[in-house]
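The primary structure of each chain is shown beneath.
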Amino acid sequence: MGANRLRTFLTMLGMMIGVAAVIMMLAIGRGTQFVVEQSISSMGSNLFIILPGSATSGGLRLGTGAVPTLTSSDAEAIGELPSISVVAPAFPQGTQLVYGPNNWSTMVIGTTPEYLEVRDWSIARGYPFTDAEVRAAARVALLGQTVATNLFGSEDPIGKTIRIKQSPFVVEGLLTPKGQSLDGRDQDDTVLIPITTAQRKLFGNPFPGTVRFIMAEAKSAQAMASGEKEMTQLLRQRHHLPERTENDFDIRNLTAMADAAAQTTRVMSLMLGAIASVSLVVGGIGIMNIMLVSVTERTREIGIRIAIGARQRDVLMQFLLEAIAISLIGCLVGVVLGIGAAVLTNLLAKVAVVISLSSVALGFAVAASVGVFFGFYPANKAARMKPIDALRYQ
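Residues numbered from 1 in each chain as written. Predicted model: local features only at pLDDT ≥ 70, side-chain atom pairs only at ≥ 80, totals over all residues. Heavy atoms only, no water.

Asker: Please set out the overall build of the protein residue by residue, giving values where relevant.
Answerer: A count of helices and strands for the protein gives 12 helices and 12 strands. For 394 residues, the compact-globule estimate of 2.2 N^0.38 gives 21 Å, and the protein exceeds it by more than 25% at 33 Å. Projected onto the principal axes, the alpha-carbon positions of the protein cover approximately 105 × 55 × 40 Å. For the protein, with 394 residues in total, the buried portion stands at 45%. Surface exposure of the protein reaches about 19,700 Å², of which carbon and sulfur atoms provide 61%. (Helix = DSSP H or I, 4+ residues; strand = E, 2+ residues; numbered from the N terminus. Rg over C-alpha atoms; globule rule 2.2 N^0.38 Å. Buried < 20%, exposed > 50% of the residue type's maximum accessible area, 1.4 Å probe, protein only. Areas by Shrake-Rupley, 256 points an atom, 1.4 Å probe, with all protein chains shown as cover.)

Asker: Could you give me a rundown of unusual backbone geometry, with the residues and numbers involved?
Answerer: Non-glycine residue Asp 120 carries a positive phi angle of around 55°. As for its placement among the helices and strands, Asp 120 is situated in the loop between helix H3 (114–118) and strand S6 (123–126). Unlike most non-glycine residues, His 240 shows phi in positive territory, near 55°. As for its placement among the helices and strands, His 240 is situated in the loop between helix H7 (224–238) and strand S12 (249–253).

Asker: Give a description of the packing of helix H9 (residues 299–307) against helix H10 (residues 312–349) that names residues and reports values.
Answerer: Their axes nearest at 10 Å, the elements H9 and H10 cross at an angle of 145°. You can see that H9 and H10 cross each other, and the crossing is right-handed. Seen from H9, the contacting residues are Glu 301, Ile 302, Arg 305 and Ile 306; seen from H10, they are Asp 314, Val 315, Gln 318 and Phe 319. Among the residues making up the contact of H9 with H10, the classes are represented as 4 nonpolar, 1 polar and 3 charged. (Axes fitted to C-alpha atoms, helices over the stretch in contact; angles between N-to-C directions. Left-handed = near helix turned anticlockwise from the far one by under 90°. Contact = heavy atoms within 4.5 Å. Nonpolar A, V, L, I, M, F, W, Y, C, P; charged D, E, K, R; others polar.)

Asker: Could you give an account of the environment of Ile 290, with specific residues and numbers?
Answerer: Mapping Ile 290 onto the fold places it in helix H8 (residues 254–297). Overall, Ile 290 belongs to the partly exposed group, its relative accessible area being 26%. In this structure the C-alpha to C-alpha distance between Ile 290 and Glu 217, which are 73 residues apart in sequence, comes to 62 Å. When near neighbours in sequence (up to four residues on either side) are disregarded, Ile 290 contacts Arg 7 and Thr 11.

Asker: A description of the nonpolar core should follow, citing residues and the corresponding values.
Answerer: Counting 63 residues, the largest nonpolar core has Ile 50, Ile 78 and Ile 162 as the members making the most contacts within it. Here this core gets 8 residues from one element, more than from any other, and that element is strand S4 (residues 84–99). Those residues in contact with Ile 50, other than ones at most four positions away along the chain, are Leu 70, Ile 78, Phe 213, Ile 214, Ala 216, Met 231, Leu 235, Phe 249, Asp 250 and Ile 251. The next biggest cluster of nonpolar side chains, apart from the first, holds 28 residues, and it includes Met 12, Leu 26, Cys 331 and Val 360. (Core = buried A, V, L, I, M, F, W, Y, C linked by side-chain atoms within 4.5 Å.)

Right, here's the structure in full:
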């Protein structure tokens, strides 16, 4: 190996590239999976969203939510179901906010205090509005981080008064950051106010008591199926729908959608690792080719060793150890290159990467195994040579 440094380096190169590719691809795949899991956890757990159903008017089929069929009393009734832990109705609308010389257009959501529990959302500073403030239709607001930054900059917004559609609102609390949702929407670009304030004083509502959607959280993942069935039966009964009539509402399982997205990223991560592993096989074939050449070049050496008493296992171990050494050294260099490439990708491309010890160990173990596997055949060929034939080899 020392006498043929260039050949040894080229043999190691396949293993180096293979291990580096596996570690980098797995880091990118797991980074993507981590981002998706963070987005899922920011939504909350065991969630349903109930939307008003579609309708037909004058021969035209209108989309979901075209007709306001859900009410705040529907949300209260859903909250009493045995499989549902908490419910929050919502009445959102985009509008302009003003504070001093600054203004910002965002989504204002009229809701109840339970919305924070459903969304697993906490207060960074200040305090949430209460049920008493909902009943009184108080002009109070909770700001998302994006809204607070654009309206107040570095100034503390707690206790300050902002204007929403020319109406004054006191900022009672600042929400903790949530980040982006699965669809890329900034969840922190929002304002929460009491639902009664939104319906009666801010946006108005031609259909008193109706809401745009309802969010419900099941008591557990196992209760999701029964919860959906119970909500369907309850809403059909409350809306007096005949047996053969379609639902005038739409229940969507947000957790199932999020799990499907997470499963997709897991499959993608495995595919990236499998694609990168192909380069390990190529590197193993390179080791086998070089070792076969080495066996051919050193045929007379092998014959002399066997003639003076070397056993088959001695010759086998000699060439097998050379293959293992080439493989392991290439693996170690590949680990360093892979970690460096992953870090560089994170810095330059701003792609999330997660480098775990398991991925490094997996790449190293697979590469070492491939090296031993492909090195065994040349070593075994050398060990089985007959000394007379080896000594006669020109």
